[in-house]
Amino acid sequence: MRRVKLGNRISLLAIAIVFVFSSIFPSFVSSPSVAYAKSTTTLTYFVRLDPKVATSYNSYSQIAAYQLLQKKLGVKLVFKHPPVGGETDQFNLMVASRQLTDIIEWNWIDNYPGGPVKAMLDKIIIRLNDYIPKYAPNLNKYLQQHPDIKKLIVTDDGDIYGFPALRGTNPKIACVYYGPQIRADWLKKLGLKEPETVDDWYKVLKAFVTKDPNGNGKKDERGFSILRNASNPRYAFDYSSFLVGAWGIKTDFFQVNGRVKFGPLEPQFKEFVATLQKWWKEGLIDPDILTMNQKVIKANVQNDIIGSWIGLLSGDMGFFLNLKKDVIATKFPVLKKGDYPLLGQAESLFSRTSAAITTACKDIPTAMKVLDWGYSKEGFAAFNYGVEGKSYVVKNGKVYYTDEILKNPKGLSAAEALAKYARASISGPFAQADEYYYQIQMMYPQQKEAVEKWGQVKNDRVLPPLSFTDDESKRLANIMNTVNTYYDEMFLKLMTGKSTNVDAFVKTLKRMNIDQAIKIYQAAYERYKKRK
Amino acid sequence: MEKSLSKPYTPNRWQELKKDLIRNKNLYLMVLPIVAYYFIFHYIPMYGLQIAFKDFTPAKGIWGSQWVGLEKFREFFVYDSYYVWRIIRNTILINVYDLIFGFPAPIIFALLLNEIKNSIYKRTLQTVSYMPHFISTVVIVGMIMDFFSRDGLINQILKSIGLVSEPISFMTEPGWFRPLYVGSGIWQNLGWGSIVYLAAISNIDPQLYEAALIDGAGRFKQALYVTIPGILPTIVIMFLLRVGHMMNVGFEKVYLMYNPLTYETADVISTYVYRKGLLEMDYSYGAAVGLFNSVINFLLVVFSNKIAKKLTETSLW
């Protein structure tokens, strides 16, 4: 008996060893130099798998637009998608192990410490300026026609490091997609008007919570919640400037008349915090935003528990309109009736993501050709509209998406259905078409109205995408990592009234050298203004 | 063997080894994979430790990066001084609580199980108590979140028996983090941890119990004077092994359970290093703090081993 058992154990051990080794070896075998030696027209491409694509496909190579691209250019693209949720980890591991793909699509400004300048210094990606006139005529032409966009995508030295994902050319419709939304039927039931000022908001939320707008006889209503970025309420305010913008400040860095400022250091920040505290104390804010569970919040909106929230135009508002919820958008709140909002959500036309060519790429001309295709006439059509006759038709010279996209028989949302054919619903190396915004993002009249309302902001205090030097970014990372942890913690404490001492908060921020960080931002902003 | 011991150094040493290798080749073959495992996965990667003293950039690689001496340690203790003591305190406190409440739990459980004579009942109980050990951390934390949320099971129960009027938000109160962390850990590992003690108990000579019985010892006295001294060496060894992990807290569970509101009591060294080292790509910083952590752990084991040797004559070496 004993012997048999021992034998069993040894064989088990052997199997275990085989497993361990077999899982190590393939990673040696598939090292880039071996894989590409066979064919020069195979390119590897690292890009996150968008959930809208993931509902139908598991690789971008299955998207019709990319199949067309591969056929036309005679290139084979091998997409490497990091697991959903583990994108940053996977990217950092790829960089640290230097097992780079040929092309990497990434937000080099925010998600590479030190930004694109550092990425080039680290020899991760290459500078493209010399190659662009020769191998990327379409991008070249596009940038010459749109100097304002060129200013957004270059570094301070004028280096181009990637093929930018652009939100078309019309900031009025393309850059506005996140803001306050409210239940119109609740307002009607309680005889309230759409809130405009901060005071209006307070009255509306108070009525939502104390009366019974959902009519279930229970006092279960919650006034205000956060959908996108529920995982960290501070980011939701950073991102949209909802409420805080009424005082003309942002919660993070911004500028007034050329001087860079940091929200918490401004005197108005106290008033913003006091308002938040009042809302929280009187139970107007959904307590679930503290446990950071977006699913619970979304379910509560569906179940008529939550009356207003900040969320996305298509992902959230479109989702609820699909469910026949009576949702409308409201303008960003102001202090005095009739004021024009100073700050709200608005991104720049450059979505901060770029497809860059890495130092591991053996065939730069082909990679350039592949990425340049998105800015050509043919690529523009394929990436934005998909396949003619299937995902879109042309009538009187105008493009219309087909019913398969807009009223998908399989129950996919328009953006999900389009993701099978085009890349328009995801940012990528091309400029998005206006038709996409008008027909997909603004399918419902409420969404069209939302873009108009949210677009009514000045937003001249928002900082453009800046780039920092190696030294600056190192110091900035040191300071901001310390600050961000503390700020995250204190923001929630201030909101929930666990701490009321804004002065002590500011004092600690100063001890953490926030002033130095502001100086670094200021210097980078001065350089940005001098960009050509 | 006797011979070689009496003469500590002989030119024949290699021959002795060769002879021994041939004689016990099966044993050596069996231990080889384990040695290879430690060599490949624990010793070879150690050369990477040097990045703790370098400003590591992937472009230059481990060898090519510039030496910066103790700069990264200074960064940890001086620049991040606002957090350093907090995360060290949290790390140690969570472990101390775990040691005080978590360590004795499986021992007590094993002693209690040992008193159960009905074997079917005993086995069922044992199997049930093992179960949570096999649930993954992600699921465990999901369960904790559900049970302890504002409208979760625990709040419903507390409300229905009238203990609280307003639901307690367990997950966002810094004061609740440690009890929840340690408590769920006990629940998860109680049964599994008791196995080793049950094994030790079954090794105790039954004659000792008979002798105790003749001397008039009841069941409680038997446990006190026979069972506990009988498993004491096991307890000491387990304790020493536990102390070796003093400065490590399971990163996964803390990371999944905490949020900015509970950083005050929940942020530990490993989570802080994750945020700074991996997310901010400051690899050298992560390595430096990891090294610091390991050195402390090492010292703790050596120190407690010495004390254990003095007090109980049982020790790791």
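Rules of the game
Residues numbered from 1 in each chain as written. Chains lettered and ligands numbered in written order. Predicted model: local features only at pLDDT ≥ 70, side-chain atom pairs only at ≥ 80, totals over all residues. Heavy atoms only, no water. Contact = heavy atoms within 4.5 Å. Buried area = accessible area lost by both parts, 1.4 Å probe. Salt bridge = Lys/Arg side-chain N within 4 Å of Asp/Glu carboxyl O. Polar contact = N/O pair within 3.5 Å; in protein donor to acceptor, adjacent residues only side chain to side chain. Helix = DSSP H or I, 4+ residues; strand = E, 2+ residues; numbered from the N terminus. Nonpolar A, V, L, I, M, F, W, Y, C, P; charged D, E, K, R; others polar. Core = buried A, V, L, I, M, F, W, Y, C linked by side-chain atoms within 4.5 Å. Buried < 20%, exposed > 50% of the residue type's maximum accessible area, 1.4 Å probe, protein only. Domains from an automatic or database assignment. Pairing = 2+ DSSP bridges. Axes fitted to C-alpha atoms, helices over the stretch in contact; angles between N-to-C directions. Arc of directions from axis to C-beta.

Engineer: Would you take a moment to explain the interface of chain A and chain B for this structure?
Structural biologist: The figure often quoted for interface size is the accessible area lost as the parts come together. Chain A puts 39 residues into the contact, and the matching count from chain B is 34 residues. For the chain A and chain B pair, buried surface summed over both sides reaches about 3,100 Å², with 63% attributable to carbon and sulfur atoms. The closest approach of N and O atoms between Lys493 of chain A and Glu264 of chain B, which form a salt bridge, is 2.6 Å. On the surface where chain A and chain B come into contact, there are 9 residue pairs in polar contact (both at pLDDT 80 or more). At the level of secondary structure, the elements contributing two or more residues to the side of chain A that touches chain B comprise α1 (2–29), α5 (87–97), α6 (115–121), α15 (288–291), α24 (470–495) and α25 (502–511) of chain A. When residues of the side of chain A that touches chain B are assigned to their parent elements, the largest contribution, 11 residues, is made by α24 of chain A. Class assignment for the residues of the side of chain A that touches chain B results in 19 nonpolar, 8 polar and 12 charged.

Engineer: Could you clarify how one ought to interpret the nonpolar core in this entry?
Structural biologist: General note: in soluble globular proteins, nonpolar side chains tend to be found buried as a group. Residue and element names in this part refer to chain A. Phe91, Trp108, Phe224, Phe253, Phe272 and Trp279 are the most contacted members of the largest nonpolar core, which has 196 residues in total. Broken down by element, the residue count for this core peaks at 11 residues, all from α24. Each of domain 1 (12–169 + 349–375) and domain 2 (178–248 + 267–347 + 445–454) accounts for three or more of the residues forming this core. Dropping the residues within four chain positions of it, Phe224 is found in contact with Trp201, Leu205, Phe237, Phe242, Trp279, Leu284, Ile285, Asp286, Ser308, Trp309 and Ile310.

Engineer: What's the story with the sheet that holds strand β5 (residues 178–183) of chain A in this structure? I'm lost.
Structural biologist: The pairing of strands in a sheet happens through backbone hydrogen bonds and is either parallel or antiparallel. Residues and elements named next belong to chain A. Overall, mixed pairing links the 4 strands, which are arranged β6-β9-β5-β10 in an open sheet. Looking at the sheet topology across the chains shown, the edges are occupied by β6 (222–226) and β10 (327–329). Neighbour-to-neighbour, the strand axes of the sheet open up by a mean angle of 25 degrees, direction not taken into account. Pairing between β5 and β10: 3 bridges, direction antiparallel. Residue Ile182 lies in a different strand from β10, and its bridge partner there is Ile328. Packing against the sheet, helix α13 (residues 233–240) makes contact with β5, β6 and β9 (306–312), and its axis sits at approximately 80 degrees to β6.

Engineer: Just checking my understanding: could you explain helix α8 (residues 137–145) of chain A for this structure?
Structural biologist: Residues and elements named next belong to chain A. Among the residues of α8, those classed as buried are Leu139, Tyr142 and Leu143. With its buried residues spanning 95 degrees around the axis, α8 presents them on a single face. Facing away from the buried side of α8, by more than 90 degrees, are the exposed residues Lys141, Gln144 and Gln145. Looking at the packing, one finds that the buried side of α8 touches α7 (132–135), α9 (147–153), β4 (163–166) and α18 (364–372).

Structural measurements only, silent on function.
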